[in-house]
Amino acid sequence: MIKFSHIMKKYGENTPIKDINGEIKTGEVISIIGPSGTGKSTLLRMINGLEKPTSGKVFVDDIEVNDKNISEITRKVGMVFQNYNLFNHLTVIENLMIAQVEILKRDKQTAYDKSIKLLKEVRLLDKENSYPNELSGGERQRIAFARTLAMDPEVLLLDEPTAALDPKLVDEIKGLILKYARTGKTVLLVAHSMQLARDVSTRVFFLNEGIIYEEGTPNQIFDNPQKEKTQSFINSQNAIEFKIDKTFNFTNDSIALAEFCLKHNAYLKLVNKALLIFEEIIEQILFTKYESPDIKVRVDYKNEFITMNIKYKGERFNIKDSNNDISIKLVEGLATNIDYSYNENDEYGNKVEIKIN
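Residues numbered from 1 in each chain as written. Predicted model: local features only at pLDDT ≥ 70, side-chain atom pairs only at ≥ 80, totals over all residues. Heavy atoms only, no water.

(A) Focus on the overall build of the chain. For the chain, the helix and strand inventory stands at twelve helices and 15 strands. Summarising its shape, the C-alpha atoms of the chain cover approximately 75 × 45 × 35 Å along the three principal directions. Counting the 357 residues in the chain, one finds 51% classified as buried. In the structure as shown, the chain presents an accessible area of about 17,100 Å², 46% of it carried by carbon and sulfur atoms. Taking the 48 positively charged and 52 negatively charged side chains of the chain as two groups, their mean positions are separated by 4 Å. (Helix = DSSP H or I, 4+ residues; strand = E, 2+ residues; numbered from the N terminus. Buried < 20%, exposed > 50% of the residue type's maximum accessible area, 1.4 Å probe, protein only. Areas by Shrake-Rupley, 256 points an atom, 1.4 Å probe, with all protein chains shown as cover. Lys, Arg positive; Asp, Glu negative; His and termini not counted. Charge placed at Lys NZ, Arg CZ, Asp CG, Glu CD.)

So this is what it looks like as structure tokens:
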């Protein structure tokens, strides 16, 4: 069990954490979400003693996290950092073995066997004798994950565990998190991916205003948040919006669209489909139809579907009626479904909803 008792953390005039209280039961998977600067990573680091609260106390299994007990705490708590913290002068297998041998006092063969098993699970067995600087960011992240699991921690702390990963590898890390949790161990992760948080969590903490502003099951937080700021944050994470006219910068905003989709772990093939549809409809169809286009676009990603809602002013016009046959055929070939509707009482009366998977 982990307990926070009136935790406060100050950095000069800045107080990202003002008063956090709560308990996490053994075996729970807790995702911590919230805007930048709300102390999400700091809260994780206080559990393993890397950060000290300005006031208040943190307990792990009724043991206070402090300098006196830090050795016992570090045996119980493992953390995967955003910047990996691998030893660059050691090979991958040596990185996984060193703490097992030095801290857990395992013999080298036992530590080696444990390390090989974990390298297989993260699909990096062929990197056994490589050095960290020979690996990609995603590979280093998976090695850091395996190294932490090698210590058999009772509590696993993950700071944005899929941030550097190709979406194809996210499911593997998700599977490792769930496999670890099924052994009755506790997991806390700072999640930038709302889909990951939804898929793995038993509870979600939304941090804001220096407190746990709202908490609940994934369904409660992501589908039915009760507080206005939680609702606003979830909406901002689940969608990206554009207002488009003739001054629209396709390069910058296509990049923003791609980054949004990838942030939510959408597969690259799906992202490419969305970008092509986005550009064909806006640039090749609507920009040629209207002399002064006024368009709103909202893109959502949920449950492996990208949904693109395009609303535009002007006379009734279904994009399928465009004389640009090449663009229409391309869009129809890429999209899973295309629905058009018109509402004469709406300022943006034309609406196209496109689903892509």
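(B) Local environment of the domain arrangement of the chain. Domain annotation of the chain identifies domain 1 (2-226) and domain 2 (238-356). On a C-alpha basis, the centroid separation for the pair domain 1 and domain 2 is 38 Å. Residue-level contacts link eleven residues of domain 1 with nine residues of domain 2. With both sides pooled, the region where domain 1 packs onto domain 2 buries about 910 Å², and carbon together with sulfur makes up 48% of that total. Between domain 1 and domain 2 we count zero salt bridges in total. At the junction of domain 1 with domain 2, the criterion picks out zero residue pairs in polar contact (both at pLDDT 80 or more). A per-class count over the side of domain 1 that touches domain 2 returns three nonpolar, four polar and four charged. (Domains from an automatic or database assignment. Contact = heavy atoms within 4.5 Å. Buried area = accessible area lost by both parts, 1.4 Å probe. Salt bridge = Lys/Arg side-chain N within 4 Å of Asp/Glu carboxyl O. Polar contact = N/O pair within 3.5 Å; in protein donor to acceptor, adjacent residues only side chain to side chain. Nonpolar A, V, L, I, M, F, W, Y, C, P; charged D, E, K, R; others polar.)

(C) Region of the structure containing the nonpolar core. Counting 43 residues, the largest nonpolar core has Ile33, Phe145 and Val187 as its most contacted members. Aside from chain neighbours lying at most four places away, what touches valine 187 is Glu28, Val29, Ile30, Leu156, Leu158, Ile177, Tyr180 and Ala181. (Core = buried A, V, L, I, M, F, W, Y, C linked by side-chain atoms within 4.5 Å.)

(D) A look at the pattern of salt bridges. Applying the stated criterion to the full structure yields 21 salt bridges. Where glutamate 209 meets lysine 229, a salt bridge forms, and the shortest distance between an N and an O atom there is 2.3 Å. With glutamate 209 in the loop between β9 (203-208) and β10 (211-216) and lysine 229 in helix α9 (residues 228-238), the pair connects residues that are 20 residues apart, well separated along the chain. One salt bridge in this structure joins aspartate 294 and lysine 313, with 3.1 Å as the shortest N-O distance. Of the two residues, aspartate 294 is situated in the loop between α11 (268-289) and β12 (295-302) and lysine 313 in the loop between β13 (305-312) and α12 (325-334); the sequence distance between them amounts to 19 residues. When its relative accessible area of 27% is taken as the criterion, lysine 313 is described as partly exposed. Taken together, the shared-partner salt bridges in this structure form one network comprising Lys243, Asp294, Lys313 and Glu347.

(E) Up close: the sheet that holds β9. With mixed pairing, six strands are arranged side by side in an open sheet as β6-β7-β8-β3-β9-β10. Both edges of this open sheet fall to β6 (77-80) and β10, since each of them pairs with a single strand only. In this sheet, neighbouring strand axes are inclined to one another by 20° on average, regardless of whether the strands run parallel or antiparallel. Of the strands in this sheet, β6 and β7 (155-159) touch helix α5 (residues 137-149), which is tilted by about 175° from β6. (Pairing = 2+ DSSP bridges. Axes fitted to C-alpha atoms, helices over the stretch in contact; angles between N-to-C directions.)

(F) Representation of the side chain of glutamate 280 in the model. Inspection of the secondary structure assignment puts glutamate 280 in helix α11. Lacking a salt bridge, the buried glutamate 280 has lysine 329 as its closest oppositely charged neighbour, with an N-O distance of 13 Å. In this structure glutamate 280 touches Ile285, Ser327, Leu330 and Val331, once residues within four positions along its chain are discounted.

(G) Representation of the packing of aromatic side chains. Under the criterion given, the structure shown has five aromatic pairs. Here tyrosine 290 and phenylalanine 317 contribute two aromatic rings whose centre-to-centre distance is 6.3 Å and whose plane-to-plane angle is 85°, an arrangement assigned as edge-to-face. Of the two residues, tyrosine 290 sits in the loop between α11 and β12 while phenylalanine 317 sits in the loop between β13 and α12, which places them 27 residues apart along the sequence. In this pair, the class of tyrosine 290 matches that of phenylalanine 317, namely buried. Clustering of aromatic rings is evident, with ring pairs tying together Phe206, Tyr213 and Phe233. Over the ring of tyrosine 213 we find lysine 227, and its NZ or CZ is 4.9 Å from the ring centre. Cation over ring: lysine 289 sits above phenylalanine 317, and NZ or CZ is 4.8 Å from the ring centre. (Phe/Tyr/Trp six-rings, centres within 6.5 Å; stacked < 30°, edge-to-face > 60°. Lys NZ or Arg CZ within 6 Å of the ring centre and 35° of its normal.)

(H) Seen up close, the environment of lysine 25. Position of lysine 25 among the secondary structure elements: in the loop between β2 (14-24) and β3 (29-33). For lysine 25, a relative accessible area of 60% corresponds to the exposed category. Placed 24 residues apart in sequence, lysine 25 and methionine 1 show a C-alpha to C-alpha distance of 4.7 Å.

(I) Here's a closer look at the packing of helix α3 (residues 92-102) against α5. Here α3 crosses α5 at 25°, and the two axes come no closer than 8 Å. Regarding the angle of α3 to α5, the classification is roughly parallel. Helix-helix and strand crossings are classified by hand; for α3 and α5 the assignment is right-handed. From α3, Val92, Asn95 and Leu96 reach across to α5, where they touch Ile143, Ala146 and Arg147. In terms of residue class, the contact of α3 with α5 is built from four nonpolar, one polar and one charged. (Parallel < 35°, antiparallel > 145°, perpendicular 65-115°, else oblique. Left-handed = near helix turned anticlockwise from the far one by under 90°.)

(J) Looking closely at unusual backbone geometry. You will see that histidine 6, though not glycine, has its phi angle at about 50°, which is positive. Here histidine 6 shows up in strand β1 (residues 2-11). A positive phi angle is found at aspartate 62, which is not glycine, with a value near 65°. Among the structural elements, aspartate 62 can be located in the loop between β4 (55-60) and β5 (63-64).

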